[in-house]
Amino acid sequence: MDGVLVPGGFGKRGIAGMIHAIQFARESKTPFFGICLGMQCATIEFARNVARLSNADSSEFDPSSPHRVIYKLRELLGVDEMGGTMRLGAWDCRLQPGSFAHQAYGTLEISERHRHRYEFNCDYEKTLTAAGFRITGRTPDGTYVEIIEAPDHPWFLGCQFHPEFKSKPLAPHPLFRAFIGAAWEHRHPELAASENRSVSLSDRPATAASSPARPVSAVANPASTR
């Protein structure tokens with residue numbers, strides 16, 4: 001297993017299997033990427049199995065859950081009857097320095113496109129973060145949680161937005177590029193370690209007593225190592 005990706009969607013069909021897959025990825029240190037629904041399922045999994053919030057769920061799947069860690073924010077604002085309850089279009093987001101997201105984007109200010117109704121319930125922020133849950137991306141006003149990450153993991157990230165809306169085959173979105181890179185390193189740890197050592201040596205400045213370091217050859221194409 002190189003990596004686990006849980007994409008967006010609607011409805012409760014298959015949710016139990018998604019949550020089990022996310023638990024496997026978190027516990028086995030397998031790279032994980034959750035998009036929209038995948039981010040919400042990752043929040044539910046962490047709430048249940050790490051923060052010990054029994055029966056934590058989304059109000060989309062179980063409106064009677066005692067711990068609705070994911071909910072439809074607009075239902076509490078009384079605008080359901082007005083229609084157009086989805087959060088759509090581009091929204092700005094601020095990233096936490098040093099996070100997987102920050103490393104992927106190379107900047108702390110981003111803008112991403114959305115298409116969803118349900119959100120992270122910030123009433124549970126303190127409980128989840130006390131258990132190690134990481135919130136690494138928010139809208140500038142702090143209203144919406146955009147990116148979550150898991151602690152002590154080589155690469156585990158969920159985003160509320162849809163990076164596929166801004167990704168192309170020859171110009172992949174930064175999060176897809178980072179996830180695929182983490183999956184490749186998970187499959188080829190010995191090659192990844194060798195590459196990291198090579199980069200470290202090639203970046204080391206030459207001293208007066210030594211000759212300049214020769215360029216280090218790039219690691220072979222992963223496909224040729226199978």
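Here, the structure is the one placed above.
Only a predicted model underlies this, so the values are computations on that prediction, with no experimental measurement involved. All chains use their own residue numbering, which begins from 1 and follows the written sequence. Only residues with pLDDT of at least 70 get local features here, since the model is predicted, and only at 80 or more are side-chain atom pairs given and counted; chain-wide, interface and lining totals rely on the full set of residues. Side-chain metrics rest on all non-hydrogen atoms present in the structure, leaving aside hydrogens and water.

As a further point, take the nonpolar core. For our purposes a nonpolar core is just a set of buried Ala, Val, Leu, Ile, Met, Phe, Trp, Tyr and Cys residues, chained together by side-chain atoms within 4.5 Å. Only protein chains enter the accessibility calculation, which uses a 1.4 Å probe; a residue is then buried when its area is under 20% of its type maximum, exposed when over 50%, and partly exposed in between. Among the nonpolar cores identified, the biggest contains 30 residues, and Phe32, Leu53, Val69, Phe120 and Leu128 are the most heavily contacted of them. Of the residues forming this core, the biggest block, 7 residues, is contributed by helix α2 (residues 37–49). Contacts are residue-level and defined by heavy atoms, with any inter-residue pair within 4.5 Å sufficient. With residues up to four places along the chain from it excluded, the contact list for Phe32 reads Val4, Val6, Ile22, Ala25, Gly38, Ala42, Trp155, Phe156, Leu157 and Phe179. Judged by nonpolar contacts, the second largest core, of 20 residues, contains Cys36, Phe161, Phe176 and Ala178. The secondary structure listing takes helices from DSSP runs of H or I that are at least 4 residues long and strands from runs of E that are at least 2 residues long, numbered from the N terminus.

As a further point, take the sheet that holds strand β10 (residues 156–159). By way of backbone hydrogen bonds, the strands of a sheet pair with one another, either parallel or antiparallel. Judged by pairing direction, the sheet is mixed, and its 7 strands sit side by side in the order β1-β2-β10-β9-β8-β5-β6 without closing on themselves. A strand with exactly one partner marks an edge of an open sheet, and here the two such strands are β1 (4–6) and β6 (109–116). Strand-to-strand twist across the sheet, computed as the mean angle between neighbouring axes with direction ignored, equals 25°. A pair of strands is considered paired only if DSSP assigns at least 2 bridges between the two. Taken together, the 2 bridges between strand β5 (residues 87–95) and strand β8 (residues 134–138) define a ladder with antiparallel strand orientation. Bridging across to β8, Leu95 finds its partner in Gly137. Only the contacting stretch of a helix is used when fitting its axis, a line to C-alpha atoms as for every element, and angles between N-to-C directions run 0 to 180 degrees. The sheet strands contacting helix α1 (residues 15–28) are β1, β2 (32–35) and β10, and the helix crosses β1 at an angle near 145°. Sitting on the sheet, α2 is in contact with β1, β2, β9 (145–149) and β10, with an inclination near 115° to β2.

With that settled, the discussion passes to the pairing of β10. Covered by surrounding structure in β10 are Phe156 and Gly158 together with Leu157 and Cys159, the residues of both alternating faces. In terms of strand pairing, β2 meets β10 through 4 bridges, oriented parallel. Bridging across to β10, Phe32 finds its partner in Phe156. Pairing of β9 with β10 involves 3 bridges; the strand directions are antiparallel. Bridge pairing in β10 links Ile147 to Cys159.

Turning next to unusual backbone geometry. One non-glycine residue, Lys29, lies in positive phi territory at about 65°. For Lys29, the position within the fold is in the loop between α1 and β2. Owing to a relative accessible area of 35%, Lys29 belongs among the partly exposed residues under this scheme. One non-glycine residue, Asp152, lies in positive phi territory at about 50°. By the secondary structure assignment, Asp152 is in the loop between β9 and β10. Since its relative accessible area comes to 67%, Asp152 is described here as exposed.

Put simply, the grid is 1 Å and covers the protein atoms alone, a cavity is a trapped set of points that fit a 1.4 Å probe, a pocket is an open set with protein on both sides within 12 Å along at least five of seven lines, and lining residues have an atom within 4 Å of a point. Grid points are joined across faces, edges and corners, and a volume is the space filled by probe spheres set on the points. The space that makes up the largest pocket amounts to roughly 200 Å³. As for the largest pocket, its lining consists of Lys29, Pro31, Phe100, Gln103, Ala104, Pro154, Trp155, Ala178, Gly181, Ala182, Glu185 and His186. Within the residue set of the lining of the largest pocket, elements represented by two or more residues are α3 (100–105) and α5 (174–187). The element contributing the most residues to the lining of the largest pocket is α5, with 5 residues. Across the lining of the largest pocket, the residue classes tally to 7 nonpolar, 3 polar and 2 charged. Gly falls in the polar group here, along with every residue not listed as nonpolar (Ala, Val, Leu, Ile, Met, Phe, Trp, Tyr, Cys, Pro) or charged (Asp, Glu, Lys, Arg).

What follows is about the side chain of Glu119. By the element assignment, Glu119 lies in strand β7 (residues 119–120). The term polar contact refers here to a pair of N or O atoms within 3.5 Å; inside protein, the definition further demands a hydrogen-donor-capable atom paired with an acceptor-capable atom, and it admits residues adjacent in sequence only when both atoms are side-chain atoms. At a separation of 2.8 Å, a polar atom in the side chain of Glu119 contacts the side chain of Arg87.

The next point concerns the environment of Tyr118. Mapped onto the elements of the fold, Tyr118 is located in the loop between β6 and β7. Separated by 58 residues in the primary sequence, Tyr118 and Glu60 have C-alpha atoms spaced 7.6 Å apart. Those residues in contact with Tyr118, other than ones at most four positions away along the chain, are Gln40, Ser58, Ser59, Glu60, Ile70, Tyr71, Lys72 and Gln160.

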